[in-house]
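# Structural overview for review
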Amino acid sequence: MIANRIKDPENLVESYIDQVLTGSRSAGRLERFAVERYQLDVQSAADRGFFFDKKIARDCCLFFPNILRHSIGQWADEPFDLSPYQAFCVWNIQGWRSIEDKTRRFRKALITVARKNGKTTWGAGFANLLTYCDWPIEVNGRGYCAATKKPQAALLWSEVARMIRRSPSLSIRTKILGEDNASGGRVIVKSMPYNGSTIETIGSDALRQDGLNPSFVIKDELHAWRRGLIDLDEKLSTGGGARTQPLELIFTTAGDDNSEIWQDEFDFASRVLESSHVGDATDDSYFALVCMIDDDDSPLDPACWPKANPNLDISVRSKYLVDQAAEAALRPSKLRSFTRYHCNRKVGSYIQTYPPELWERGLVKNIIDPPPSALCYGGMDLGRADDWAAVTLVFPEQIEAEKNPRKRWRFKVMSRSWACKGIASASTDYTREPFASWIKNDLLEFQSDETLDFAPLKAWVVQMGRKYVLKRLAYDRTFAHEVAASLLNDYGISVVDYPQTYKAFTEPIKSLEKALLENRIETCDQVLTWQAMNCETVYDPRGMCMLDKGNAKRWRKIDAMVALLMAYSEAIYDGKKKSLGAGFVAPK
């Protein structure tokens, strides 16, 4: 079955090892440790009961180009040539054997690289390798493509099926069921000696998770597996006990603070590699290759990118990363995703939402003074009775757009904040700067009582409603329901209850960031600017976000920014989920 398209995979592996250790290719700390571990094992693994079988390693590496074909993209129908780092992994995982029974040494492998480095395609190829060309042969083998949900697992499984259909050697031996099913199907081998072996999908939504008895499991994108999937993770990890040489393969990029399962796996893999670096063997059954930028590397430094992208200029292009980095340099949310997905470094759940260099793009010296009857949208955020309160108005203004019609609107921002002495007055000293100057110059309205009187706030909203066309005022009903009801019933101001949820704030946060980047926001408000600097973005497990005050919650205030996002959301969608850029129609 195995031909000789590549003369000697060992040369490819040795070249990779040499490039990593000599520094001719930039490699991260943990990737170097993985290479050093292999070299150390060559010298000493026999003392621990293992040997390296070059014939098996060679045949497994040759399986990819000689039997498999790519199915999508620029390499469709081309032979699957392993890249150097992929060959190194296959060489290790399949080549190391137990002296006692000749079975595979490694029973679990974590391979973590940045996005677009061929994980899914390679994982599909590995699934076919373990089904058709493993040694010793696993009779009635059961392979599973696992992910958070079966449709996600089907992405990997579908690639398995496409590879089989493009391979005459495999397709003649195989029956494929449910290839068009969005949740995947089943590959059934119908010829000896692999007769009865299958490859299928499984996710947290699977009806059957017990009694799986897998011969191999491929877990895709472990960073997305949340706490609720611990049970599935454990069943997949422990279900192959009756198999001769079960293998658990994990392909993933870095996670965040919510990626608990990934974090536990990453920490253990790091300990395995670090212990081998000092000559110890923490777990001889665990293989790990971790390609990521190091802790002291800048994610925007192109010299560091090969550390996380071993397939750089093979499956991921340098120009693509250059373009992504240019945008990430100006947009915090983009920097977060660039660091995580393209540099393979963990990111926190908190990040400054609008850093100074971005917010300054929207600062103007002139006072924002729209003409009477100008259209505006409002946001109102009232805290507890002894806290701050704020109202922010957003004025859409049409501008010329030479090329991109979505830039036809800029937004002028006017805001007003109220504060009081409060019960816990020690948390904020209003006699100190900048509060003292703001109060003196009537930029911040301060009340000396322990609780805030909302009457001045309501009067200001009514005044603005009479001066301008206040189409809609969004509010948080937690503390503002009574004031909003009065504005509606007593003054006829249209109000809308704005959900204080991650889903409701995600798009306005990102859209405002983009508008700042494109110089389509204008404000001169010092108090609003201070609150903008206090904002941090907190992400939930789904990647959606909200504003937060960060660790110093007692003295940081962000009420005006929350009000701004509510007002901005109403402005860009006009209550119809229709972007201004797509054609905004002002009320008559």
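See the structure printed just above.
Note that the structure is predicted; figures quoted are calculated from it, not measured.

### Overview of the sheet that holds strand β6 (residues 186-189)
- Ordered in space as β5-β6-β7-β4-β8-β9-β3-β10, the eight strands form an open sheet in which the pairing is mixed. For this open sheet the edge positions go to β5 (174-177) and β10 (286-290), each flanked by a neighbour on one side alone. The sheet shows a mean angle of 15° between the axes of neighbouring strands, taken without regard to direction.
- With four bridges joining them, β5 and β6 adopt antiparallel strand pairing. Residue pairing for β6: Thr 174 is matched across the bridge by Val 189.
- Of the strands in this sheet, β3 (108-112), β9 (247-252) and β10 touch helix α4 (residues 84-95), which is tilted by about 170° from β10.

### Thoughts on helix α11 (residues 318-328)
- By the burial criterion, the buried members of α11 are Leu 321, Ala 325 and Ala 328. The arc that holds every buried residue of α11, seen down its axis, measures 60°, which confines them to one face.
- Packing partners of the buried residues in α11 comprise α10 (305-308) and α12 (332-342).

### Considering unusual backbone geometry
- Along the chain, Trp 135 connects to Pro 136 via a cis peptide bond; the corresponding omega equals -5°.
- Here Pro 136 shows up in the loop between α5 (119-132) and β4 (142-146).
- The linkage connecting Glu 433 with the following residue, Pro 434, adopts the cis geometry, with an omega of 5°.
- Residue position: Pro 434 is located in the loop between β14 (409-420) and α14 (435-440).
- Positive phi values are uncommon outside glycine, yet Asn 344 reaches one of about 60°.
- The class for Asn 344 is buried, based on a relative accessible area of 2%.
- Its identity is not glycine, yet Ser 373 carries a phi of approximately 70°, on the positive side.
- One can find Ser 373 in the loop between α13 (356-359) and β12 (375-382).

### A word on the state of the cysteines
- One pass over the structure, following the stated rule, counts zero disulfides.
- Free cysteine: Cys 133, not disulfide-bonded; nearest cysteine sulfur from Cys 60 at 5.3 Å.

Criteria and cut-off values
Residues numbered from 1 in each chain as written. Predicted model: local features only at pLDDT ≥ 70, side-chain atom pairs only at ≥ 80, totals over all residues. Heavy atoms only, no water. Pairing = 2+ DSSP bridges. Helix = DSSP H or I, 4+ residues; strand = E, 2+ residues; numbered from the N terminus. Axes fitted to C-alpha atoms, helices over the stretch in contact; angles between N-to-C directions. Contact = heavy atoms within 4.5 Å. Buried < 20%, exposed > 50% of the residue type's maximum accessible area, 1.4 Å probe, protein only. Arc of directions from axis to C-beta. Disulfide = S-S within 2.5 Å.

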